[in-house]
Amino acid sequence: MDNKFFITTPIYYVNDAPHIGSAYPTLAADVIARFHKLKKEKTFFLTGTDEHGAKIAQAATSHNQSPKAYADKISEKFKNAWKLLNIDYSRFIRTTDEDHIKTAQSFLEKLYNKGFIDPKPKLYKGLYCIGHERFMQPDELINGLCPDHKTKPIQHSEENYFFKLSKFQSRLTELIESEAVKIRPEKRKNETLGRLKEGLEDISISRAHLTWGIPLPFNPKHTSYVWIEALINYYTYGKPLGIWPADVHIVGKDILWFHAIVWPAMLLAIEEQLPKQIFVHGFFTIDGQKMSKTIGNVITPASIVESFGVDGARYLFLTAFPFGEDGDISLKKFEEKYNADLANGLGNLVSRLTKLIETHKPIYEKSAIDDFSPHVKDAFLRFQLDEALTRIWIQIKTLDRKLNEWEPWKKTGIERASNWIELTSGIRQVAYDLQPFLPETAEKILSQFSGVIIAQEPLFPRI
Ligand code: MSP
């Protein structure tokens, strides 16, 4: 398909309700998708939930529910959270969806028929962390515990099927070096190449005793390892629509290995096209601490929306730190930034301008604004969302300064008209550029500055 843009987020585990950690990449993907939509590209934005595996089975048991009933409940919470944040996805995929189960099985069948899965399972022993849903190497553990989940990995010992990942080392290296699969930021590309240099081992792709999973087509007594079928979700959606390959997978740095190595190898094995880009974002802490239930600092998307409004929440997340880096979030800083940038900055400028225009009724021609500013566009194409916002705020400050310096209501003739033209087209350009980030606010400003201009309620009441 020509002129298409297909973007994905990770699909989130449904062991627990969504927190702002999962909201972050979803929000970033939404902003990027909205930008491409406004550029009139056929845009497809996929998000969803990862519902099989030991982690979900365990969470369901502890809530005395069947895994499916539990997944139904939690995936609904994700949908509600995305609605609150004004996330405009094209599809919310669930790995328990019928079409996904079928696609995952036919993908696995192809891997098997093409000889990339050993025909016979073999005994596999390893340390498995259910929190991560992956095997861990002994040197990753601290005092025998997973450093992230503070739990002891289980001793896994069973007959598993293996995917011949080792066969793909040199092709993957070549494809990543040549940027046929582009990995950004650059340091993540280097990290991936470094890991490839260490060599690849075949990986276990099945579970012999876990029933909460997709049965392997070539031996239904075994189920698929949750990560293998989860990666296929992108293909379940993209392939039938004719939009495969993905233009970009947005992923956290914790899941880079699966996306940059395992997933492309699976696609190479079935002779499919590879994702064009993998953009890797960092992790944030809350006031310097990891967000965790034990610490009691888990923040929900709903609480942020309640405090700062939808667009306030969207703005604060994306300006907290550069997309692609690690960062820290502090509610205190959120509050200060909300007041400084939104209430006093953008909100105040819009209300001053509309009041002045309502009072002085200047006569001037309106210019057409139908594209993004070049520097905003440029930042978007590099996924530098915070940079795009910084650029827009420079523009807001410039307009504010010009309004103060010019005092166009005191002027007459051509100078008066040209001052008003510059200020009003400036604010409309700001609103145009803001559309992907703050959709509701941008729409309000654009409609306030079309037709008869009358002062309205403040866009962002001070906190
Ligand atoms: N289910 C897998 C992904 C499968 S994709 C085929 C998974 N799910 S997850 O729910 O544990 O996490 C998904 C993503 O949430 C992470 O990769 C990351 O993008 C995001 N984040 C979770 N906590 C986060 C922070 N504290 N900070 C930033 N992003 C965070 O892994």
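In this report, we go over the structure that sits alongside the text. (Residues numbered from 1 in each chain as written. Predicted model: local features only at pLDDT ≥ 70, side-chain atom pairs only at ≥ 80, totals over all residues. Heavy atoms only, no water.)

**With respect to the overall build of the protein chain**
- Of regular secondary structure, the protein chain possesses 15 helices and 16 strands.
- By the compact-globule yardstick of 23 Å for 463 residues, the protein chain fits well, its C-alpha radius of gyration being 25 Å.
- Per-residue burial for the protein chain yields a buried fraction of 56% across its 463 residues.
- For the protein chain, the share of sequence-separated contacts (at least 6 apart) that also reach a separation of at least 24 residues comes to 77%.
- Entry remark: accessible area of the protein chain is about 20500 Å², with carbon and sulfur atoms responsible for 52%. (Helix = DSSP H or I, 4+ residues; strand = E, 2+ residues; numbered from the N terminus. Rg over C-alpha atoms; globule rule 2.2 N^0.38 Å. Buried < 20%, exposed > 50% of the residue type's maximum accessible area, 1.4 Å probe, protein only. Contact = heavy atoms within 4.5 Å. Areas by Shrake-Rupley, 256 points an atom, 1.4 Å probe, with all protein chains shown as cover.)

**Description of the nonpolar core**
- Among the nonpolar cores identified, the biggest contains 150 residues, and Phe163, Trp263, Leu346, Trp393 and Phe437 are the most heavily contacted of them.
- Looking at this core, the element that brings in the most residues is helix H9 (residues 256–269), giving eleven residues.
- Not counting residues within four places of it along the chain, the set of residues in contact with phenylalanine 437 comprises Val31, Arg314, Leu318, Phe380, Leu385, Ala388, Leu389 and Ile392.
- Leu127, Met136, Leu141 and Cys146 belong to the second largest nonpolar core, which has five residues in total. (Core = buried A, V, L, I, M, F, W, Y, C linked by side-chain atoms within 4.5 Å.)

**A short note on the site of the ligand**
- As a structural note, the neighbourhood of the ligand is formed by 21 residues, with Ile11, Asp50, Asp254, His281 and Phe284 the closest of them.
- Between an oxygen atom of the ligand and a main-chain N or O atom of tyrosine 13, the distance comes to 3.2 Å.
- Aspartate 254 has a polar side-chain atom sitting 2.9 Å from an oxygen atom of the ligand.
- About the coverage of the ligand: the protein hides 90% of its 670 Å² of free accessible area.
- When contributions to the shell around the ligand are tallied by element, the ones reaching two or more residues are strand S1 (4–13), helix H1 (20–38), helix H7 (226–231) and helix H8 (233–241).
- No other element matches S1, which puts four residues into the shell around the ligand. (Near = heavy atom within 4 Å. Polar contact = N/O pair within 3.5 Å; in protein donor to acceptor, adjacent residues only side chain to side chain.)

**Quick notes on the sheet that holds strand S8 (residues 182–184)**
- Read from one edge of the open sheet, six strands run S3-S2-S1-S13-S14-S8, paired in parallel fashion. Either end of the sheet is taken by a strand with one partner, and the two such strands are strand S3 (91–94) and S8. Adjacent strand axes in the sheet meet at a mean angle of 20 degrees when their direction is disregarded.
- Note: S1 against strand S2 (residues 42–50), eight bridges, orientation parallel. Along S2, the bridge assignment pairs isoleucine 11 with glycine 48. (Pairing = 2+ DSSP bridges. Axes fitted to C-alpha atoms, helices over the stretch in contact; angles between N-to-C directions.)

**Some remarks on the state of the cysteines**
- With the rule as written, the count across this model stands at zero disulfides.
- Cysteine 129 carries a free sulfur, and the closest cysteine sulfur to it, the one in cysteine 146, is 3.9 Å from it.
- Classification of cysteine 146 by relative accessible area gives buried; the value is 0%. (Disulfide = S-S within 2.5 Å.)

**Points about the pattern of salt bridges**
- One pass over the full model with this rule turns up 33 salt bridges.
- Taking the shortest distance from any N to any O, the salt bridge between aspartate 30 and arginine 314 comes out at 2.7 Å. You can see aspartate 30 sitting in helix H1 and its partner arginine 314 sitting in helix H10 (residues 301–319), a full 284 residues away along the chain. There is no split in this pair, since aspartate 30 and arginine 314 are both buried.
- Taking the shortest distance from any N to any O, the salt bridge between lysine 377 and aspartate 371 comes out at 2.7 Å.
- In the salt-bridge network here, residues are joined through shared partners; they are Glu51, Lys68, Asp72 and Arg94. (Salt bridge = Lys/Arg side-chain N within 4 Å of Asp/Glu carboxyl O.)

**Quick notes on the sheet that holds strand S6 (residues 154–160)**
- Spatially, S5-S4-S6 is the arrangement adopted by the three strands of the open sheet, whose pairing is antiparallel. Bordering the open sheet on either side are strand S5 (134–136) and S6, each of which pairs with just one other strand. Across this sheet, the average inter-strand angle for adjacent strands is 55 degrees, counted without regard to direction.
- In terms of strand pairing, strand S4 (residues 122–129) meets S6 through seven bridges, oriented antiparallel. Each residue of the ladder has a partner; that of lysine 122, found in S6, is asparagine 160.

**Section: helix H4 (residues 98–113)**
- A rise of 1.5 Å per residue sets the reference length of H4, with its 16 residues, at 22 Å; its end C-alpha atoms lie 23 Å apart and thus fit the reference within 8%.
- Three or more residues of H4 are buried, namely His100, Ile101, Thr103, Ala104, Phe107, Leu108 and Leu111.
- Taken from the residues just after H4, glycine 115 is the one with a positive phi, measuring 85 degrees. (Expected span 1.5 Å × (residues − 1).)

**Looking at the packing of helix H14 (residues 413–434) against helix H15 (residues 439–448)**
- Axis separation between H14 and H15 bottoms out at 8 Å; the angle between their running directions is 155 degrees. On the basis of their axis angle, the class for H14 and H15 is roughly antiparallel. Remark: the crossing between H14 and H15 carries left-handed chirality. Taken together, the residues of H15 that come into contact with H14 (itself represented by Ile427, Arg428, Ala431, Tyr432 and Leu434) are Pro439, Ala442, Ile445 and Leu446.
- Broken down by class, the residue content of the contact of H14 with H15 amounts to eight nonpolar, no polar and one charged. (Parallel < 35°, antiparallel > 145°, perpendicular 65-115°, else oblique. Left-handed = near helix turned anticlockwise from the far one by under 90°. Nonpolar A, V, L, I, M, F, W, Y, C, P; charged D, E, K, R; others polar.)

**Things to note about unusual backbone geometry**
- A cis amide bond links arginine 184 to the next residue, proline 185, at an omega of -5 degrees.
- If you trace the backbone, proline 185 turns up in the loop between S8 and helix H6 (186–197).
- Note the cis peptide between tryptophan 244 and proline 245, where omega equals 5 degrees.
- Tracing the backbone through its elements, the reader meets proline 245 in the loop between H8 and strand S13 (248–252).
- Within the chain, aspartate 287 stands out as a residue other than glycine whose phi angle is a positive 45 degrees.
- Its place among the elements puts aspartate 287 in the loop between strand S15 (284–286) and H10.
- Judged by its relative accessible area of 54%, aspartate 287 is exposed.

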